[in-house]
Amino acid sequence: CYWILHALDLLGHELDAALGSRVVNFIRRCQDPRGGYCGGPYPGQLPHLAPTYAAINALIIVGTEEAYNSIDRDKLYDFLLRRRGEDPGSFTMHDDGEADVRGVYTAIAVASLTNTLTDELRAHAAGWIARCQTYEGGLGGEPGLEAHGGYTFCGVAAPPFLGPGP
């Protein structure tokens, strides 16, 4: 939903109330009972930071009370806490999943957009992102990996959500 809604939003198209409500109802069905969003209706898929990021952004584009109220912020926050990786500052994309700079960006962005960003989520994230920088200046998916444009975007886009450094 997000990519279509985002394109329509960029083109200045306003959603009618009925379509907005249908989008909210679909995304609500993708919300995992323990928090986060799956790539399709629950059950059947794991909650994952990528569809969680897309779901939250789609709901913000819909922009109605129904959309905002559909987000279970307490369970979403618990989901984000469970994404904290073993390496301080990192976030895994899903249960037993990879920890990379996408995880940091999507978790911090979602928390910021839903007003659930806390010091506990922020802790060590900026330092972990900095460790992902490579000799040529870009950012790899995790410390020690080759730089990549998508990871560099995520690593550059996350710090503004984190606020000023120490």
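Look up: the structure comes first, before these words.
Just so we're clear, the structure is a prediction, and the values are computed from it rather than from any experiment.

A.B. asks: How should the environment of His124 be read in this particular structure?
C.D. replies: In this structure, His124 sits in the loop between α7 (119–122) and α8 (125–131). Among the residues examined, His124 registers a relative accessible area of 55% and is labelled exposed. His124 sits 34 residues away from Ser90 along the chain, and the two C-alpha atoms are 7.9 Å apart. What His124 contacts, discounting residues up to four positions off in sequence, is Pro88 and Gly89.

A.B. asks: Looking at this model, I keep getting lost on the environment of Glu142. Mind explaining?
C.D. replies: Inspection of the secondary structure assignment puts Glu142 in the loop between α8 and α9 (149–157). When the C-alpha positions of Glu142 and Val101 are compared, they lie 6.2 Å apart, and in sequence the two are 41 residues distant.

A.B. asks: What is the right way to read the side chain of Arg83 from this model?
C.D. replies: Relative to the assigned elements, Arg83 resides in the loop between α5 (73–82) and α6 (101–113). Judged by relative accessible area, which is 3%, Arg83 ranks as buried. Beyond its immediate chain neighbours, meaning those up to four positions away, Arg83 contacts Leu49, Ser90, Phe91, Thr92, Met93, His94 and Asp95.

Scoring rules and cut-offs
Residues numbered from 1 in each chain as written. Predicted model: local features only at pLDDT ≥ 70, side-chain atom pairs only at ≥ 80, totals over all residues. Heavy atoms only, no water. Helix = DSSP H or I, 4+ residues; strand = E, 2+ residues; numbered from the N terminus. Buried < 20%, exposed > 50% of the residue type's maximum accessible area, 1.4 Å probe, protein only. Contact = heavy atoms within 4.5 Å.

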